[in-house]
Amino acid sequence: MTIAPVTPNAPKNDPLAFHLRSAAQAVAQVKAGTALPQALARIFLDDSLSPQARGAIQDIAYRTMRHLGLAEGLLALLTAKPVQAPVLHGLLSCALALLAGDNADKDSPAGRYDAFTIVDQAVDAAASDPDMAHAKGMVNAVLRRFLRERDALLPQARKTPAGGWNYPVWWVDRVRDAYPAQWQAILQAGNRQPPLTLRVNQRKTDAAAYLHMLREAGFEASAIGPLAIKLHKAVPVAQIPGFSDGLSSVQDAAAQLAAPLLDVRPGMRVLDACAAPGGKTGHLLEIADIAMTALDHDPKRLRRIAENLERLQLQATLLAGDAGGRQWWDGQRYDRILADLPCTASGIVRRHPDIRWLRRKTDTAQLATLSAGILDNLWQMLEPDGKLLLVTCSLWPQESEQQAVAFNGRHKDAVRLPAPGQLLPTADAQQDHDGLFYALFQKNGTGT
(Lines give C-alpha, C1' and ligand atoms only; values in the text may rest on other atoms or scores of the structure.)
Protein backbone atom coordinates (compact mmCIF):
# COMPACT_ATOMS: atom_id res chain seq x y z
CA MET A 1 0.00 0.00 0.00
CA THR A 2 1.31 3.45 -0.94
CA ILE A 3 0.34 6.33 1.32
CA ALA A 4 0.75 9.83 -0.03
CA PRO A 5 3.00 12.12 2.01
CA VAL A 6 1.49 14.85 4.16
CA THR A 7 1.37 18.27 2.54
CA PRO A 8 2.98 20.70 5.00
CA ASN A 9 0.32 23.43 4.98
CA ALA A 10 0.41 24.05 8.73
CA PRO A 11 1.04 27.54 10.11
CA LYS A 12 4.34 28.32 11.78
CA ASN A 13 3.18 27.38 15.28
CA ASP A 14 2.87 23.71 14.18
CA PRO A 15 -0.63 22.99 15.59
CA LEU A 16 -1.62 19.65 17.05
CA ALA A 17 -3.87 19.02 14.03
CA PHE A 18 -0.85 18.87 11.75
CA HIS A 19 1.05 16.65 14.18
CA LEU A 20 -1.90 14.28 14.44
CA ARG A 21 -2.31 14.09 10.67
CA SER A 22 1.39 13.36 10.18
CA ALA A 23 1.45 10.75 12.96
CA ALA A 24 -1.64 9.14 11.43
CA GLN A 25 0.28 8.76 8.18
CA ALA A 26 3.08 6.98 10.06
CA VAL A 27 0.66 4.69 11.91
CA ALA A 28 -1.05 3.79 8.63
CA GLN A 29 2.33 2.83 7.16
CA VAL A 30 3.08 0.59 10.16
CA LYS A 31 -0.27 -1.13 9.71
CA ALA A 32 0.77 -1.73 6.09
CA GLY A 33 4.01 -3.40 7.22
CA THR A 34 6.59 -0.59 7.43
CA ALA A 35 8.70 -0.19 10.57
CA LEU A 36 7.90 3.02 12.44
CA PRO A 37 11.40 4.59 12.13
CA GLN A 38 11.24 4.17 8.35
CA ALA A 39 7.67 5.51 8.22
CA LEU A 40 8.70 8.60 10.16
CA ALA A 41 11.81 9.04 8.03
CA ARG A 42 9.60 9.36 4.96
CA ILE A 43 7.57 12.09 6.63
CA PHE A 44 10.69 13.86 7.87
CA LEU A 45 12.08 14.15 4.33
CA ASP A 46 10.20 17.44 4.33
CA ASP A 47 12.87 20.01 5.23
CA SER A 48 10.28 22.60 6.26
CA LEU A 49 9.35 20.66 9.40
CA SER A 50 10.71 22.29 12.55
CA PRO A 51 12.52 20.23 15.21
CA GLN A 52 9.54 20.82 17.49
CA ALA A 53 7.14 19.45 14.89
CA ARG A 54 9.31 16.38 14.30
CA GLY A 55 9.47 15.72 18.03
CA ALA A 56 5.70 16.05 18.45
CA ILE A 57 4.90 13.81 15.48
CA GLN A 58 7.32 11.16 16.68
CA ASP A 59 5.96 11.35 20.22
CA ILE A 60 2.36 10.85 19.09
CA ALA A 61 3.27 7.99 16.76
CA TYR A 62 5.24 6.11 19.42
CA ARG A 63 2.50 6.64 22.01
CA THR A 64 -0.03 5.27 19.59
CA MET A 65 2.05 2.13 19.06
CA ARG A 66 2.15 1.60 22.83
CA HIS A 67 -1.64 1.98 23.11
CA LEU A 68 -2.73 0.63 19.74
CA GLY A 69 -4.49 -2.43 21.12
CA LEU A 70 -6.60 -0.29 23.44
CA ALA A 71 -7.25 2.33 20.75
CA GLU A 72 -8.42 -0.28 18.26
CA GLY A 73 -10.56 -1.96 20.92
CA LEU A 74 -12.24 1.37 21.64
CA LEU A 75 -12.66 2.07 17.96
CA ALA A 76 -14.48 -1.23 17.52
CA LEU A 77 -16.90 -0.24 20.29
CA LEU A 78 -17.40 3.28 18.96
CA THR A 79 -18.07 2.50 15.30
CA ALA A 80 -20.72 0.36 13.65
CA LYS A 81 -18.25 -1.11 11.16
CA PRO A 82 -14.46 -1.21 10.81
CA VAL A 83 -12.77 1.95 9.57
CA GLN A 84 -11.22 0.91 6.26
CA ALA A 85 -9.42 4.09 5.17
CA PRO A 86 -5.83 3.64 6.47
CA VAL A 87 -5.04 7.24 7.43
CA LEU A 88 -8.48 7.82 8.95
CA HIS A 89 -7.98 4.68 11.03
CA GLY A 90 -4.55 6.02 11.99
CA LEU A 91 -5.96 9.42 12.96
CA LEU A 92 -8.65 7.94 15.20
CA SER A 93 -6.09 5.56 16.74
CA CYS A 94 -3.72 8.45 17.49
CA ALA A 95 -6.47 10.57 19.06
CA LEU A 96 -7.82 7.70 21.15
CA ALA A 97 -4.32 6.72 22.26
CA LEU A 98 -3.78 10.26 23.54
CA LEU A 99 -7.18 10.43 25.18
CA ALA A 100 -7.09 6.98 26.78
CA GLY A 101 -3.39 6.54 27.54
CA ASP A 102 -2.71 6.28 31.25
CA ASN A 103 1.04 6.96 31.18
CA ALA A 104 1.19 10.26 29.35
CA ASP A 105 4.27 12.34 30.06
CA LYS A 106 3.10 15.90 30.58
CA ASP A 107 6.54 17.19 29.54
CA SER A 108 6.16 15.65 26.08
CA PRO A 109 4.57 17.46 23.14
CA ALA A 110 1.57 15.13 23.17
CA GLY A 111 1.02 15.38 26.92
CA ARG A 112 0.40 19.12 26.97
CA TYR A 113 -3.11 19.10 25.54
CA ASP A 114 -6.43 18.65 27.30
CA ALA A 115 -9.03 16.20 26.02
CA PHE A 116 -11.25 18.72 24.23
CA THR A 117 -8.27 20.25 22.44
CA ILE A 118 -7.27 16.79 21.19
CA VAL A 119 -10.79 16.19 19.85
CA ASP A 120 -10.98 19.62 18.23
CA GLN A 121 -7.57 19.26 16.59
CA ALA A 122 -8.32 15.72 15.38
CA VAL A 123 -11.39 17.10 13.60
CA ASP A 124 -9.25 19.85 12.07
CA ALA A 125 -6.73 17.20 10.97
CA ALA A 126 -9.46 15.32 9.14
CA ALA A 127 -10.86 18.49 7.59
CA SER A 128 -7.43 19.52 6.26
CA ASP A 129 -6.87 16.23 4.40
CA PRO A 130 -8.80 15.78 1.12
CA ASP A 131 -9.02 12.04 1.74
CA MET A 132 -10.52 12.47 5.21
CA ALA A 133 -12.51 15.71 4.96
CA HIS A 134 -15.74 13.79 4.34
CA ALA A 135 -15.26 12.00 7.68
CA LYS A 136 -14.69 15.01 9.96
CA GLY A 137 -18.20 14.68 11.38
CA MET A 138 -17.58 11.03 12.17
CA VAL A 139 -14.26 11.86 13.85
CA ASN A 140 -16.00 14.46 16.00
CA ALA A 141 -18.84 12.11 16.93
CA VAL A 142 -16.59 9.15 17.76
CA LEU A 143 -14.19 11.11 19.95
CA ARG A 144 -16.87 13.10 21.77
CA ARG A 145 -18.79 9.90 22.48
CA PHE A 146 -15.61 8.45 23.96
CA LEU A 147 -15.30 11.44 26.31
CA ARG A 148 -18.93 11.05 27.40
CA GLU A 149 -18.76 7.29 27.93
CA ARG A 150 -15.10 6.93 28.88
CA ASP A 151 -15.72 5.26 32.26
CA ALA A 152 -17.86 2.54 30.67
CA LEU A 153 -15.91 2.06 27.44
CA LEU A 154 -12.39 1.70 28.87
CA PRO A 155 -13.10 -1.35 31.06
CA GLN A 156 -14.98 -2.99 28.19
CA ALA A 157 -12.11 -2.42 25.73
CA ARG A 158 -9.59 -3.74 28.24
CA LYS A 159 -11.37 -7.07 28.64
CA THR A 160 -9.59 -8.47 25.60
CA PRO A 161 -5.87 -9.38 25.76
CA ALA A 162 -5.04 -6.93 22.97
CA GLY A 163 -7.01 -4.11 24.58
CA GLY A 164 -5.81 -4.83 28.09
CA TRP A 165 -2.12 -5.35 27.35
CA ASN A 166 -1.59 -3.57 24.01
CA TYR A 167 -0.03 -6.59 22.31
CA PRO A 168 -1.35 -9.09 19.77
CA VAL A 169 -3.09 -12.01 21.47
CA TRP A 170 -0.44 -14.51 20.33
CA TRP A 171 2.28 -12.33 21.89
CA VAL A 172 0.50 -12.22 25.26
CA ASP A 173 0.01 -15.99 25.16
CA ARG A 174 3.66 -16.62 24.31
CA VAL A 175 4.98 -14.44 27.15
CA ARG A 176 2.60 -16.13 29.59
CA ASP A 177 3.72 -19.58 28.47
CA ALA A 178 7.44 -18.76 28.62
CA TYR A 179 7.38 -16.82 31.90
CA PRO A 180 4.33 -17.85 33.94
CA ALA A 181 5.54 -16.01 37.06
CA GLN A 182 6.73 -12.80 35.39
CA TRP A 183 4.55 -12.43 32.30
CA GLN A 184 2.54 -9.45 33.53
CA ALA A 185 5.62 -7.49 34.60
CA ILE A 186 7.27 -8.24 31.23
CA LEU A 187 4.31 -6.93 29.27
CA GLN A 188 4.05 -3.86 31.48
CA ALA A 189 7.77 -3.13 31.05
CA GLY A 190 7.39 -3.22 27.29
CA ASN A 191 4.78 -0.46 27.43
CA ARG A 192 6.97 1.96 29.40
CA GLN A 193 8.96 4.78 27.91
CA PRO A 194 12.60 3.62 27.69
CA PRO A 195 15.33 5.56 29.46
CA LEU A 196 18.17 7.37 27.75
CA THR A 197 21.14 5.35 29.01
CA LEU A 198 24.74 6.32 28.32
CA ARG A 199 27.90 4.22 28.25
CA VAL A 200 30.89 6.09 29.62
CA ASN A 201 34.00 5.86 27.44
CA GLN A 202 36.54 4.34 29.82
CA ARG A 203 39.41 5.48 27.60
CA LYS A 204 38.57 9.09 28.37
CA THR A 205 36.92 9.21 31.80
CA ASP A 206 35.15 7.10 34.41
CA ALA A 207 31.55 6.81 35.55
CA ALA A 208 31.94 8.88 38.72
CA ALA A 209 33.68 11.76 36.95
CA TYR A 210 31.21 11.77 34.10
CA LEU A 211 28.22 11.63 36.44
CA HIS A 212 29.67 14.65 38.25
CA MET A 213 30.05 16.46 34.91
CA LEU A 214 26.42 15.80 34.06
CA ARG A 215 25.15 17.03 37.39
CA GLU A 216 27.32 20.13 37.23
CA ALA A 217 25.69 20.89 33.88
CA GLY A 218 22.23 20.56 35.45
CA PHE A 219 21.36 17.04 34.31
CA GLU A 220 19.66 14.65 36.73
CA ALA A 221 21.27 11.25 36.26
CA SER A 222 21.94 7.96 38.05
CA ALA A 223 24.56 5.22 37.73
CA ILE A 224 22.88 1.88 36.91
CA GLY A 225 25.97 -0.13 35.95
CA PRO A 226 29.78 0.02 35.97
CA LEU A 227 29.74 2.37 32.97
CA ALA A 228 25.99 2.89 32.56
CA ILE A 229 24.39 6.22 33.44
CA LYS A 230 20.69 6.88 33.04
CA LEU A 231 19.46 10.39 32.35
CA HIS A 232 16.27 11.09 34.25
CA LYS A 233 14.98 13.12 31.30
CA ALA A 234 15.80 12.33 27.68
CA VAL A 235 17.36 15.12 25.62
CA PRO A 236 18.88 15.32 22.12
CA VAL A 237 22.38 13.85 22.22
CA ALA A 238 23.85 17.14 20.99
CA GLN A 239 22.89 18.65 24.36
CA ILE A 240 24.66 15.97 26.43
CA PRO A 241 27.96 17.24 27.88
CA GLY A 242 30.98 15.56 26.30
CA PHE A 243 28.95 13.46 23.88
CA SER A 244 30.31 15.09 20.74
CA ASP A 245 33.84 14.62 22.13
CA GLY A 246 33.30 10.89 22.57
CA LEU A 247 33.04 10.82 26.37
CA SER A 248 29.85 8.77 26.16
CA SER A 249 27.61 6.82 23.81
CA VAL A 250 23.94 5.85 23.90
CA GLN A 251 23.61 2.18 24.84
CA ASP A 252 21.16 0.22 26.96
CA ALA A 253 22.56 -1.06 30.26
CA ALA A 254 21.95 -4.71 29.33
CA ALA A 255 23.71 -4.26 25.98
CA GLN A 256 26.75 -2.92 27.85
CA LEU A 257 27.36 -6.41 29.28
CA ALA A 258 28.40 -7.83 25.91
CA ALA A 259 31.87 -6.40 25.43
CA PRO A 260 33.26 -7.27 28.90
CA LEU A 261 32.06 -10.87 28.55
CA LEU A 262 34.38 -11.41 25.58
CA ASP A 263 37.47 -10.63 27.68
CA VAL A 264 39.35 -8.94 24.83
CA ARG A 265 43.04 -8.15 25.18
CA PRO A 266 45.40 -5.99 23.11
CA GLY A 267 46.35 -7.40 19.73
CA MET A 268 43.44 -9.83 19.41
CA ARG A 269 41.54 -10.26 16.15
CA VAL A 270 37.88 -9.59 16.96
CA LEU A 271 34.77 -9.86 14.78
CA ASP A 272 31.52 -8.08 15.56
CA ALA A 273 29.03 -9.83 13.28
CA CYS A 274 25.72 -8.06 12.53
CA ALA A 275 27.41 -5.02 14.03
CA ALA A 276 25.22 -2.02 13.17
CA PRO A 277 24.66 0.51 14.66
CA GLY A 278 28.03 -0.15 16.28
CA GLY A 279 27.46 0.28 20.00
CA LYS A 280 29.14 -2.99 20.90
CA THR A 281 31.91 -2.39 18.33
CA GLY A 282 32.76 0.89 19.99
CA HIS A 283 32.64 -0.62 23.48
CA LEU A 284 35.07 -3.39 22.52
CA LEU A 285 37.50 -0.84 21.09
CA GLU A 286 37.23 1.26 24.24
CA ILE A 287 38.31 -1.74 26.31
CA ALA A 288 41.49 -2.69 24.42
CA ASP A 289 43.60 -2.00 21.32
CA ILE A 290 42.33 -4.81 19.14
CA ALA A 291 42.17 -5.56 15.42
CA MET A 292 38.42 -5.07 15.05
CA THR A 293 36.26 -6.08 12.10
CA ALA A 294 32.66 -4.87 12.07
CA LEU A 295 30.39 -6.77 9.67
CA ASP A 296 26.90 -5.89 8.55
CA HIS A 297 24.83 -6.87 5.53
CA ASP A 298 23.59 -3.31 4.94
CA PRO A 299 26.18 -0.78 3.63
CA LYS A 300 23.97 2.09 4.79
CA ARG A 301 24.06 0.77 8.34
CA LEU A 302 27.84 0.51 8.13
CA ARG A 303 27.93 4.28 7.67
CA ARG A 304 26.34 4.66 11.09
CA ILE A 305 29.13 2.57 12.59
CA ALA A 306 31.70 4.74 10.83
CA GLU A 307 30.09 7.90 12.21
CA ASN A 308 30.04 6.51 15.74
CA LEU A 309 33.66 5.40 15.58
CA GLU A 310 34.74 8.77 14.19
CA ARG A 311 33.11 10.53 17.13
CA LEU A 312 34.86 8.14 19.52
CA GLN A 313 38.16 8.52 17.64
CA LEU A 314 38.42 4.77 17.16
CA GLN A 315 39.12 2.63 14.11
CA ALA A 316 37.86 -0.67 12.75
CA THR A 317 37.67 -2.52 9.45
CA LEU A 318 34.10 -2.21 8.19
CA LEU A 319 32.81 -4.91 5.86
CA ALA A 320 29.49 -5.33 4.07
CA GLY A 321 28.57 -8.98 4.02
CA ASP A 322 26.30 -11.78 5.19
CA ALA A 323 27.35 -13.33 8.49
CA GLY A 324 25.91 -16.59 7.21
CA GLY A 325 28.28 -16.60 4.23
CA ARG A 326 32.03 -16.42 3.66
CA GLN A 327 32.54 -14.16 0.65
CA TRP A 328 33.79 -11.34 2.89
CA TRP A 329 36.15 -13.48 5.05
CA ASP A 330 39.92 -13.34 4.44
CA GLY A 331 40.43 -16.84 5.86
CA GLN A 332 42.19 -15.71 9.04
CA ARG A 333 40.48 -16.89 12.21
CA TYR A 334 39.38 -14.61 15.01
CA ASP A 335 40.25 -14.74 18.70
CA ARG A 336 36.84 -13.40 19.67
CA ILE A 337 33.50 -13.28 17.85
CA LEU A 338 30.43 -11.34 18.90
CA ALA A 339 27.37 -12.92 17.26
CA ASP A 340 24.50 -10.47 17.76
CA LEU A 341 21.96 -12.62 15.96
CA PRO A 342 18.88 -11.68 13.93
CA CYS A 343 15.78 -12.16 16.08
CA THR A 344 12.24 -10.95 16.66
CA ALA A 345 13.54 -8.19 18.98
CA SER A 346 10.81 -9.09 21.48
CA GLY A 347 13.04 -7.92 24.35
CA ILE A 348 13.29 -4.31 23.16
CA VAL A 349 9.65 -3.45 22.47
CA ARG A 350 9.73 -0.51 24.86
CA ARG A 351 12.21 1.12 22.44
CA HIS A 352 10.47 -0.20 19.32
CA PRO A 353 6.77 -0.52 20.19
CA ASP A 354 5.84 -1.10 16.54
CA ILE A 355 7.64 -4.46 16.56
CA ARG A 356 4.76 -6.20 18.33
CA TRP A 357 2.37 -5.18 15.54
CA LEU A 358 4.79 -6.03 12.72
CA ARG A 359 5.91 -9.48 13.86
CA ARG A 360 4.07 -12.66 12.99
CA LYS A 361 3.78 -15.75 15.14
CA THR A 362 5.80 -17.74 12.60
CA ASP A 363 8.76 -15.31 12.57
CA THR A 364 10.40 -16.90 15.60
CA ALA A 365 11.03 -20.29 13.98
CA GLN A 366 12.24 -18.71 10.74
CA LEU A 367 14.68 -16.37 12.48
CA ALA A 368 15.93 -19.12 14.80
CA THR A 369 16.77 -21.25 11.77
CA LEU A 370 18.57 -18.34 10.10
CA SER A 371 20.54 -17.59 13.27
CA ALA A 372 21.56 -21.23 13.71
CA GLY A 373 23.15 -21.14 10.27
CA ILE A 374 25.01 -17.94 11.15
CA LEU A 375 26.33 -19.44 14.39
CA ASP A 376 27.59 -22.58 12.64
CA ASN A 377 29.31 -20.47 10.00
CA LEU A 378 30.99 -18.12 12.48
CA TRP A 379 32.17 -21.03 14.63
CA GLN A 380 34.41 -22.16 11.77
CA MET A 381 36.07 -18.74 11.83
CA LEU A 382 37.05 -18.93 15.50
CA GLU A 383 40.54 -19.82 16.67
CA PRO A 384 40.99 -22.83 19.00
CA ASP A 385 40.60 -21.55 22.58
CA GLY A 386 38.79 -18.50 21.17
CA LYS A 387 35.46 -17.30 22.51
CA LEU A 388 32.14 -16.66 20.79
CA LEU A 389 29.37 -14.68 22.46
CA LEU A 390 25.80 -15.41 21.34
CA VAL A 391 23.56 -12.38 21.86
CA THR A 392 19.90 -11.83 21.07
CA CYS A 393 17.46 -9.12 22.07
CA SER A 394 14.68 -11.70 22.22
CA LEU A 395 12.54 -13.08 25.03
CA TRP A 396 11.51 -16.19 23.16
CA PRO A 397 13.38 -19.32 24.34
CA GLN A 398 13.48 -20.69 20.79
CA GLU A 399 15.73 -17.78 19.83
CA SER A 400 17.76 -17.73 23.05
CA GLU A 401 18.28 -20.63 25.47
CA GLN A 402 17.05 -23.31 23.07
CA GLN A 403 19.31 -21.85 20.38
CA ALA A 404 22.30 -21.99 22.73
CA VAL A 405 21.57 -25.58 23.79
CA ALA A 406 21.13 -26.72 20.19
CA PHE A 407 24.37 -25.02 19.14
CA ASN A 408 26.24 -26.67 21.99
CA GLY A 409 24.84 -30.02 20.93
CA ARG A 410 25.95 -29.59 17.32
CA HIS A 411 29.51 -28.60 18.25
CA LYS A 412 31.23 -31.00 20.64
CA ASP A 413 34.25 -28.66 20.80
CA ALA A 414 32.07 -25.85 22.22
CA VAL A 415 32.44 -25.38 25.98
CA ARG A 416 29.75 -23.21 27.49
CA LEU A 417 31.12 -20.63 29.94
CA PRO A 418 29.30 -18.58 32.58
CA ALA A 419 27.17 -15.75 31.17
CA PRO A 420 23.99 -13.93 32.27
CA GLY A 421 21.61 -16.04 30.16
CA GLN A 422 18.15 -14.51 29.79
CA LEU A 423 17.78 -10.99 31.14
CA LEU A 424 14.16 -9.88 31.43
CA PRO A 425 13.28 -6.21 30.90
CA THR A 426 13.55 -4.39 34.20
CA ALA A 427 12.94 -0.82 35.36
CA ASP A 428 13.65 0.25 38.92
CA ALA A 429 16.07 2.50 40.81
CA GLN A 430 18.96 0.02 40.60
CA GLN A 431 18.31 -1.57 37.19
CA ASP A 432 16.73 -0.26 34.04
CA HIS A 433 17.43 -2.33 30.96
CA ASP A 434 15.98 -4.17 27.98
CA GLY A 435 15.48 -7.92 27.65
CA LEU A 436 18.59 -9.57 26.22
CA PHE A 437 20.08 -13.06 26.19
CA TYR A 438 23.78 -14.02 26.50
CA ALA A 439 25.51 -17.36 26.02
CA LEU A 440 29.32 -17.60 25.91
CA PHE A 441 31.25 -20.46 24.30
CA GLN A 442 34.95 -21.32 24.12
CA LYS A 443 36.37 -23.51 21.35
CA ASN A 444 38.17 -26.51 22.79
CA GLY A 445 41.03 -28.30 21.01
CA THR A 446 41.69 -27.86 17.31
CA GLY A 447 38.14 -27.09 16.21
CA THR A 448 35.75 -28.89 13.88
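The preceding data block contains the structure.
All of these numbers come straight from a predicted model, not from anything done at the bench.

## Examining the pairing of strand E3 (residues 228-231)
Neither face of E3 is open: one carries Ala 228 and Lys 230, the other Ile 229 and Leu 231, and all of them are buried. Sheet analysis places strand E1 (residues 196-200) next to E3, joined by four bridges and oriented antiparallel. Across the sheet, the residue bridging to Leu 198 is Ile 229, located in E3. Strand direction decides the pairing type here: strand E2 (residues 221-223) and E3, joined by three bridges, are antiparallel. Looking across to E3, one finds that Ala 223 is bridged to Ile 229. The turn joining E2 and E3, which pair antiparallel and follow one another in sequence, is formed by four residues.

## Here's the deal with helix H10 (residues 183-190)
At 3.6 residues per turn, the α-helix brings residues three or four places apart onto the same side. Residues of H10 that are buried: Trp 183, Ile 186, Leu 187, Ala 189 and Gly 190. Angular distribution of buried residues about the axis of H10 spans 160°; they occupy a single face of the element. Where H10 is buried, its residues contact helix H8 (161-165), helix H9 (169-178) and helix H15 (355-358).

## A few points about the packing of helix H5 (residues 86-100) against helix H7 (residues 136-157)
Contact geometry for H5 and H7: axes closest at 11 Å, N-to-C directions at 35°. In the crossing of H5 with H7, the sense of the turn from one axis to the other is right-handed. Of H7, the residues touching H5 (which contributes Leu 88, Leu 91, Leu 92, Ala 95, Leu 96, Leu 99 and Ala 100) are Met 138, Val 139, Val 142, Leu 143, Phe 146, Leu 147, Arg 150 and Leu 154. Of the residues belonging to the contact of H5 with H7, the class tally is 14 nonpolar, no polar and one charged.

## Notes on the packing of helix H4 (residues 68-78) against H7
The contact between H4 and H7 brings their axes to 10 Å, and the two run at 115°. Judged on the interaxial angle alone, H7 and H4 are roughly perpendicular. Once H4 is placed against H7, the crossing between them reads as right-handed. The residues of H7 that touch H4, namely those facing Leu 70, Gly 73, Leu 74, Leu 75, Leu 77 and Leu 78, are Val 142, Arg 145, Phe 146, Leu 153, Leu 154, Gln 156 and Ala 157. Of the residues contributing to the contact of H4 with H7, the split by class is 10 nonpolar, two polar and one charged.

Reading the values: the criteria
Residues numbered from 1 in each chain as written. Predicted model: local features only at pLDDT ≥ 70, side-chain atom pairs only at ≥ 80, totals over all residues. Heavy atoms only, no water. Buried < 20%, exposed > 50% of the residue type's maximum accessible area, 1.4 Å probe, protein only. Helix = DSSP H or I, 4+ residues; strand = E, 2+ residues; numbered from the N terminus. Pairing = 2+ DSSP bridges. Arc of directions from axis to C-beta. Contact = heavy atoms within 4.5 Å. Axes fitted to C-alpha atoms, helices over the stretch in contact; angles between N-to-C directions. Left-handed = near helix turned anticlockwise from the far one by under 90°. Nonpolar A, V, L, I, M, F, W, Y, C, P; charged D, E, K, R; others polar. Parallel < 35°, antiparallel > 145°, perpendicular 65-115°, else oblique.

Interpretation note: all reported values are geometric properties and have no functional meaning in isolation.
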